[in-house]
Every structure is written in C-alpha cells, then in structure tokens.
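Summary of structural features
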Amino acid sequence: MVTQKSPCHCEERSDEAISEGPMRLPRTLRVLAMTGWEGAGKMKKLILNSRVRKAFQGRSRGLALIEVLIAIALVGVITIAFLSALSTASTVLIIADERATAESLARSQMENIKNQPKQETYPSSIPPAYEEAGYSANITTGEVPSRAGLQKITIIIDRHGEELVTLVGYKLFL
C-alpha cells in the first residue's frame, strides 16, 4: 500500500482510500491522485471520462458569447432608459422655468397697474430682456356691472404665441 500526502499536506491518503472510498473518484482523478498532485503537470496524456470531456469542450464557449451579448443588450436598454428619463426631466425643468417666469411677469404687471390711476387701457411694462426672449403681455380691462368703482383686470402672458399664465385681478376706485 502506498501512502501519500494530499495537496493541502495536512493528511495522508492511501491509494485504496482514493479508489474505493465512500466517494469513488473518476479514473482520471484516481490516476492524478496516485501519481501525485505535484506531478500532474508532467503527465504526457491524461484520459478524461466523458463527463469531464464534455465540460471542457466547445459547448461552454458559445454560452459565454451569448451571455456577453445579453449583458451588452441589458446595459444598452438601461442606458437608453436613463438618458430618456434625463431628457424628460430636462424638458420638464425648462417648462417649469418658463411658467415661473411668466407668473412673475404677470404679478409685476398687476402691481404696476394697481399703482396707476384708473385708465381704460394700461401699457405693458415687460423688461426688454424678457421681450427679446419672446414673452409678451396682453392686458384687458372691464368694469364690473354690479359694483361701481370696481375694475376687472386680466393679464395674459405668452411666449412665442403660446399662452402660459392668465392672471385676473380687481382694482377698486373710490
């Protein structure tokens, strides 16, 4: 009986234990175990059983290529979804900024009108920088029939012909 050390060098095994133990090793591994793990690289030819041969043959190479293609496709889909969400968020931010600017312009127009004496029409006082950006104000007035001395003022702010904000206010004259 030949005894030898296992690869971890912590226990000894006999060739009988290797070939007839509770877990019988395939012939290839029995040959490796009997010749010594250190000498395994020096063996000229090794006979592999059919299961081991199938595992190392070309079947798994094609599977790796498919896995890489699927991973690339998933990364592409995730990237497109992320960029689409980023584009949508940017568009929403621009629209919100336009509406906030229009609301601010409408409020400043209303304050300007309330500080003026009563007139039938009021001039628009939008700053030139906003006019160059395409903002304009349409101011209409009208008397409230049931209340004498009460004037209804409607201010519509638009940008490039698209109505953004409509502000309605009242001015009281005594």
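Preceding this paragraph is the structure being described.
Structure report, in brief. As a convention, each chain's residues are numbered from 1 in the sequence order in which they are written. Where totals are concerned, whole chains, interfaces and linings use all residues; where local detail is concerned, this predicted model gives features only for residues with pLDDT of at least 70, and gives and counts side-chain atom pairs only at 80 or more. Note that water and hydrogens are dropped before the side-chain values are worked out from all heavy atoms of the structure.

**Observations regarding the overall build of the chain**
- Within the chain one finds 5 helices and 5 strands.
- Counting from the N terminus, the helices are the DSSP runs of H or I reaching at least four residues and the strands are the DSSP runs of E reaching at least two. In sequence order, the secondary structure elements of the chain are arranged as β-β-α-α-α-α-α-β-β-β.
- Each residue is assigned to one of three classes by its accessible area relative to the maximum for its type, calculated with a 1.4 Å probe on protein chains only: buried under 20%, partly exposed between the two thresholds, exposed over 50%. By residue count, 22% of the 174 residues in the chain fall in the buried class.
- Whether two residues are in contact is decided by their heavy atoms: any pair within 4.5 Å suffices. For the chain, the share of sequence-separated contacts (at least 6 apart) that also reach a separation of at least 24 residues comes to 37%.

**Details of the sheet that holds strand β4 (residues 150-159)**
- Strand order in the open sheet formed by 3 strands is β3-β4-β5, with antiparallel pairing between adjacent strands. Looking along the sheet, the strands with just one partner apiece sit at the ends: β3 (135-143) and β5 (162-172). Averaged over neighbouring strand pairs, the angle between their axes works out to 20° when direction is ignored. Two strands pair under a simple rule: DSSP has to find at least two bridges between them. Only the stretch in contact is used when a helix axis is fitted, and all axes are lines through C-alpha atoms; the angle between N-to-C directions ranges over 0 to 180 degrees.

**Digging into the environment of glutamate 120**
- By the secondary structure assignment, glutamate 120 is in the loop between α4 (59-114) and α5 (128-132).
- Look at glutamate 120 and you get exposed, because its relative accessible area is 60%.
- Along the sequence, glutamate 120 and glutamine 151 sit 31 residues apart, while their C-alpha atoms lie 9.4 Å from each other.

**Some remarks on the pairing of β3**
- The pairing of β3 with β4 spans 9 bridges and is antiparallel. Bridging across to β4, glutamate 143 finds its partner in glutamine 151.
- The loop that links β3 with its antiparallel partner β4 comprises 6 residues; one of these, glycine 149, has a positive phi angle of about 85°.

**Topic: unusual backbone geometry**
- Phi angles above zero are rare outside glycine, and histidine 160 is one such case at about 55°.
- Inspection of the secondary structure puts histidine 160 in the loop between β4 and β5.

**Examining the nonpolar core**
- Only buried residues count toward a nonpolar core, which is a set of Ala, Val, Leu, Ile, Met, Phe, Trp, Tyr and Cys residues joined through side-chain atoms within 4.5 Å. One finds Ala102, Ile113, Tyr135, Ile139, Ile153, Ile155 and Ile157 to be the most contacted residues of the largest nonpolar core, which totals 15 residues.
- Among the secondary structure elements, those contributing two or more residues to this core are α4, β3, β4 and β5.
- Sequence-distant contacts of isoleucine 153, that is, excluding residues within four places in its chain, are made with Met110, Ile113, Ile139, Thr140, Thr141, Leu167, Val168, Gly169 and Lys171.

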